[in-house]
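# Structural overview for review
Each chain, written out:
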Amino acid sequence: MSYQVLARKWRPRTFHELVGQEHVQRALVNALDQGRLHHAYLFTGTRGVGKTTLARILAKCLNCTDNGEGDDGVTSTPCGRCDSCQSIDQGRFVDLIEVDAASRTKVEDTRELLDNVQYAPTQGRYKVYLIDEVHMLSTSSFNALLKTLEEPPPHVKFLLATTDPQKLPPTVLSRCLQFTLKHMPPERIVGHLSKVLEAEQVPFEESALWLLGKAAAGSMRDAMSLTDQSIAFGQGEVRHADVAAMLGTLDHRHVLALIEALAEVDAARLLQEVASLAEQGPDFGAVLDDLTAVLHRLAIGQMVPSALDNGHGDRQALLELAGRFAAEDVQLYYQIGVQGRADMAHAPDLRTALEMTLLRMLAFRPQGVPRPARTPLPMRGEAAPQESSPSAAKPDSRSEPQPEVKTQPQTQAQTQGQTQAQPHVQAQPHVQPAPQPEPQPEPGAPSSSETQAKTAAPVEANVDAAPAPVDGPAPMPGEVPDSRDDSGGEADYRADNHASDVPPPWEGGAPEDPTPGAEAPTAVASESAPTASNEPVGLAETPSAAAQAEQAMASTQDQPLPTEPHLAETPAVAEGEASSVEPSPEPDPGVEDMVDEAPQRQQHAAEPAAGESCSPSAGTLTHAAWLAHFDDLGVSGLTRNLAAHCVVAADDGERLHLHLDPSQSAMNAEVHQNRIRDALEALGYPRRLEIEVRQLDTSVETPRQMAERLAAERHAEAVEALKRDPHIQQLQQTFGARLVESTVTPAGETRKARR
């Protein structure tokens with residue numbers, strides 16, 4: 001007897017022998033067992049997945065006589081022993097009419113076929129018409145088939161098979177039960193080939209079967225045919241080397257060598273491996289395909305190691321490689337590889353395209369990011385270095401509301417609560433103890449100019465010395481914040497000066513200042529309100545003094561208050577300002593006042609304290625100086641964004657240590673560090689820069705957070721000024737107008753900058 005190929009010898013003869021089409025098997029078995037048979041079935045799917053095999057099994061089920069000759073003999077488990085089953089298996093059953101629609105496309109052929117539909121079956125229970133590649137029929141043939149397909153005689157069943165169901169008319173599809181057969185996954189093909197080769201007593205290597213399974217591209221018949229070929233090629237054995245040589249597949253070790261070079265970030269080794277590949281004359285497009293396939297398996301191994309297959313017998317090697325990549329790098333390399341495969345058609349040659357794709361993977365990897373250490377699998381959302389940091393391991397209840405405080409504009413109440421608590425810890429390691437403020441003058445003390453001079457001295461000292469320790473001197477009378485509505489000015493003033501014991505300019509500036517136990521600060525603020533808009537002593541050093549004056553005036557905007565001549569004669573402290581300021585007779589700052597004061601407040605907010613300087617003589621760089629001179633760095637773009645999320649941890653005069661927010665770790669590239677170092681050196685701070693990714697203390701403010709806070713304060717001031725404007729109030733009363741606060745832009749800013 002002549003040799004029978006494996007694809008025919010091992011063709012399934014029952015539904016239970018079918019491999020990989022359980023959804024179709026279940027539907028047909030249940031329909032046969034319950035007697036719910038349709039008159040037309042359509043099987044679709046790629047080549048070699050079992051369409052014709054299913055149709056023949058169904059024909060045997062319909063005509064098997066093992067359980068009797070009548071309709072009750074229809075079964076889902078044909079016996080394979082009766083005449084009908086054996087005739088169908090041998091291809092000589094009279095009532096199974098197999099038609100190749102690809103060779104009989106004419107309408108005359110279809111009409112001739114349908115002329116015999118009316119006759120009863122000769123040998124079996126049903127007359128079965130199996131039309132293969134039915135999409136090849138002409139339009140006239142489909143039209144001739146429609147009526148019979150819709151209402152065939154009860155003894156006729158139509159079984160249609162096609163690889164291209166889109167070409168079938170909707171009128172045909174609506175008359176059939178359609179079953180779509182799936183592609184065979186490599187795992188299913190390898191499992192079936194293992195059983196076949198064991199039954200055939202053919203020695204094989206599992207890695208060779210994986211090569212055959214992938215080369216079959218979802219077709220079981222192609223896999224069986226390739227297995228036949230590999231047995232002949234390997235002289236009765238199926239070995240990995242023989243199958244790779246037969247298929248022209250690249251040795252998998254070369255692909256793993258490329259992956260190892262990517263893990264080591266070694267461009268020279270990459271090019272060397274490509275050169276060794278070129279000696280074998282491979283398909284460089286297939287090399288890139290294999291590379292991206294391995295990257296896909298690496299990503300699976302990082303997240304779900306148990307789901308990683310052993311397709312090439314390299315599961316352990318891939319798990320080891322997966323721990324040497326960051327998850328972000330694997331995703332980046334995969335995307336670059338897929339895009340590089342699409343660009344190969346436009347490259348000068350395929351080797352150039354492969355080399356450029358590999359070099360692009362390294363070029364687009366974030367610069368300055370060290371190679372990740374071997375990390376245990378599976379990987380999680382956070383990187384290992386961040387998980388091992390001390391600040392990440394220590395639970396801190398303040399870290400939960402941190403994103404809200406950073407990203408959303410703060411209300412006045414939030415600003416008051418935060419600014420009173422934060423400055424004491426902000427730069428404490430670099431702060432000298434603040435000098436003791438001089439006591440307030442008693443009634444009958446020296447003149448107002450002497451009193452102001454004495455009061456200005458501790459104010460300047462406290463501003464220059466940065467935050468005072470929490471356990472410093474007791475606050476002066478009238479400085480304890482209370483629950484009154486207009487206390488925001490005092491709290492903001494203390495926050496801007498980083499010291500809780502710095503008296504606002506309206507306290508202690510006039511001879512009538514109360515002694516301990518006197519009236520609450522509300523009365524003091526009301527008395528000095530008329531002069532606040534003209535910026536008396538101390539306002540030049542305070543970033544938000546004008547804002548405090550406006551808030552104080554808000555409570556007395558309808559009552560004209562007397563002015564005090566001695567306050568108007570006080571010289572201004574800020575350099576470049578006038579020596580005397582005229583008092584304002586009407587304490588009603590409107591939109592025009594905001595336009596004049598906003599740029600000046602913005603300039604004061606950016607000025608450093610008097611005791612901090614950017615010159616080399618300033619010594620160590622404190623965090624307060626880092627905040628004050630951040631805009632003087634002159635960096636922009638990603639470099640500025642990186643620096644804006646850093647806080648000063650330590651500065652010994654030679655090495656500046658910065659802590660970076662972990663959310664911005666991807667920007668920590670060497671090129672940006674060099675730019676920041678050069679900018680600091682230009683300001684007089686030549687340092688060796690070290691940036692560590694670490695969870696930041698929520699009480700320490702980064703330049704980005706400070707800018708957002710100041711912007712929120714300026715926006716709130718602008719909104720308040722508009723609300724107090726008499727013209728806007730008149731519009732609201734007359735027309736019922738409403739101020740849309742989100743559209744308010746402070747003077748000197750643009751809406752784009754605010755966003």
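## Some words on the overall build of the protein chain
For the protein chain, the count of helices and strands is 34 helices and eight strands. Accessible area for the protein chain stands at about 37600 Å²; split by element, carbon and sulfur atoms hold 51% of it.

## Some remarks on the confidence of the model for the protein chain
Looking at the protein chain as a whole, its pLDDT mean stands at 74, while 66% of the residues score no less than 70. Low pLDDT, under 50, characterises residues 381-547; the stretch is placed with 240 contacts to residues that sit more than four places away or in other chains. The low-confidence segment residues 552-617, where pLDDT is below 50, has 121 contacts with residues more than four positions distant or belonging to other chains.

## With respect to the sheet that holds strand β8 (residues 688-693)
Taken in spatial order, the three strands line up as β6-β7-β8 in an open sheet, and their pairing is mixed. Sheet topology places β6 (646-651) and β8 at the edges, where each strand pairs with a single neighbour. Adjacent strand axes in the sheet meet at a mean angle of 30°, parallel and antiparallel pairs treated alike. Relative to strand β7 (residues 655-660), β6 runs antiparallel, the two sharing five bridges. Bridging from a neighbouring strand, C646 pairs with L660 of β7.

## Quick look at helix α5 (residues 107-114)
Turning to α5, its buried residues are V107, T110, L113 and L114. The arc enclosing the buried residues of α5, seen along the axis, measures out at 120°, which places them on a common side. Residues of α5 that are buried make contact with β2 (96-100), β3 (127-132), α6 (139-150) and β4 (156-162).

## Section: the sheet that holds β4
Pairing is parallel in the open sheet, where five strands are placed in the order β2-β3-β4-β1-β5. Every interior strand has two partners, whereas the edge strands, β2 and β5 (177-180), have only one. Between one strand axis and the next, the sheet turns through 15° on average, direction left out of account. As paired strands, β3 and β4 are joined by six bridges and run parallel to one another. Opposite V128, over in β4, you have K157 as the bridge partner.

## Structural notes on unusual backbone geometry
Apart from glycine, the bulk of residues carry a negative phi angle, and the bulk of peptide bonds sit in the trans form. Of note in this structure, Q235 is not a glycine but carries a positive phi near 55°. Looking at the element boundaries, Q235 is found in the loop between α10 (220-233) and α11 (240-247).

## Remarks on the packing of aromatic side chains
Following the criterion strictly, the structure yields five aromatic pairs and no others. Between F43 and F179 the ring centres are 6.0 Å apart and the planes differ by 25°, which places this aromatic pair in the stacked class. Of this pair, F43 sits in strand β1 (residues 40-44) while F179 sits in strand β5, placing them 136 residues apart in sequence. Overall, F43 belongs to the buried group, its relative accessible area being 0%.

## Concerning the environment of L28
Following the sequence through the fold, L28 ends up in helix α2 (residues 22-34). Residues L28 and L58, spaced 30 residues apart in sequence, show a C-alpha to C-alpha distance of 8.1 Å. Look past the residues within four positions of L28 in its chain and what remains in contact with it is F15, Y41, F43, L54 and F179.

## Some details on helix α14 (residues 284-303)
Across its 20 residues, α14 extends 29 Å between first and last C-alpha, which sits within 8% of the 28 Å expected from 1.5 Å per residue. Looking at where α14 begins, the residue whose side-chain oxygen comes 3.2 Å from the main-chain nitrogen of G285 is D283.

## As for the packing of helix α8 (residues 186-200) against helix α9 (residues 206-216)
Viewed as axis vectors pointing N to C, α8 and α9 meet at an angle of 125°, and their least axial separation amounts to 9 Å. As judged from the angle between their axes, α8 and α9 are oblique. Once α8 is placed against α9, the crossing between them reads as right-handed. Along its contact with α8, which presents P186, E187, I189, V190, L193, S194 and L197, the element α9 presents L209, W210, L212, G213, K214 and A216. Of the residues assigned to the contact of α8 with α9, the class counts are nine nonpolar, two polar and two charged.

## Side note on the nonpolar core
Grouped burial of nonpolar side chains is what soluble globular proteins tend to show. Ranked by size, the top nonpolar core spans 34 residues in total, and within it I259 and L298 carry the most contacts. With eight residues, α14 is the largest single contributor of residues to this core. Setting aside anything within four residues of it in sequence, one finds L298 in contact with I259, L318, L321, A322, F325 and V330.

## A few points about the packing of helix α30 (residues 637-644) against helix α31 (residues 670-682)
Here α30 crosses α31 at 75°, and the two axes come no closer than 9 Å. Judged by the angle between their axes, α30 and α31 are roughly perpendicular. Taken together, the residues of α31 that come into contact with α30 (itself represented by L638, T639, L642 and A643) are H672, R675 and I676. Of the residues belonging to the contact of α30 with α31, the class tally is four nonpolar, two polar and one charged.

## What about the pairing of β4?
Among the seven residues in β4, seven count as buried, and that is most of the element. Burial along β4 is two-sided: the face carrying V156, F158, L160 and T162 and the face carrying K157, L159 and A161 are both buried. Where β1 lies against β4, five bridges are found, and the strand directions are parallel. Considered in β4, the bridge of T44 is made with T162.

## A look at the pattern of salt bridges
Considering all chains together, one arrives at 27 salt bridges under this definition. For R239, the salt bridge is made with E205, and the minimal N-O distance between the two is 3.8 Å. Separated by 34 residues along the polypeptide, R239 in the loop between α10 and α11 and E205 in the loop between α8 and α9 bring together distant segments of the chain. Judged by relative accessible area, which is 25%, R239 ranks as partly exposed.

## Observations concerning the state of the cysteines
Put plainly, a disulfide is one covalent bond tying together the sulfur atoms of two cysteines. What the rule picks out here adds up to zero disulfides. We note that C85 lacks a disulfide partner, and the nearest cysteine sulfur, in C82, lies 3.3 Å from it. A relative accessible area of 0% places C85 in the buried class.

## Things to note about the side chain of T46
By secondary structure assignment, the location of T46 is in the loop between β1 and α3 (51-63). For T46, a relative accessible area of 18% puts it in the buried group. Filtering out sequence-adjacent residues up to four positions away, T46 remains in contact with K51, T163 and H183.

Cut-off values and rules
- Residues numbered from 1 in each chain as written.
- Predicted model: local features only at pLDDT ≥ 70, side-chain atom pairs only at ≥ 80, totals over all residues.
- Heavy atoms only, no water.
- Helix = DSSP H or I, 4+ residues; strand = E, 2+ residues; numbered from the N terminus.
- Areas by Shrake-Rupley, 256 points an atom, 1.4 Å probe, with all protein chains shown as cover.
- pLDDT = per-residue confidence, 0-100.
- Contact = heavy atoms within 4.5 Å.
- Pairing = 2+ DSSP bridges.
- Axes fitted to C-alpha atoms, helices over the stretch in contact; angles between N-to-C directions.
- Buried < 20%, exposed > 50% of the residue type's maximum accessible area, 1.4 Å probe, protein only.
- Arc of directions from axis to C-beta.
- Phe/Tyr/Trp six-rings, centres within 6.5 Å; stacked < 30°, edge-to-face > 60°.
- Expected span 1.5 Å × (residues − 1).
- Polar contact = N/O pair within 3.5 Å; in protein donor to acceptor, adjacent residues only side chain to side chain.
- Parallel < 35°, antiparallel > 145°, perpendicular 65-115°, else oblique.
- Left-handed = near helix turned anticlockwise from the far one by under 90°.
- Nonpolar A, V, L, I, M, F, W, Y, C, P; charged D, E, K, R; others polar.
- Core = buried A, V, L, I, M, F, W, Y, C linked by side-chain atoms within 4.5 Å.
- Salt bridge = Lys/Arg side-chain N within 4 Å of Asp/Glu carboxyl O.
- Disulfide = S-S within 2.5 Å.

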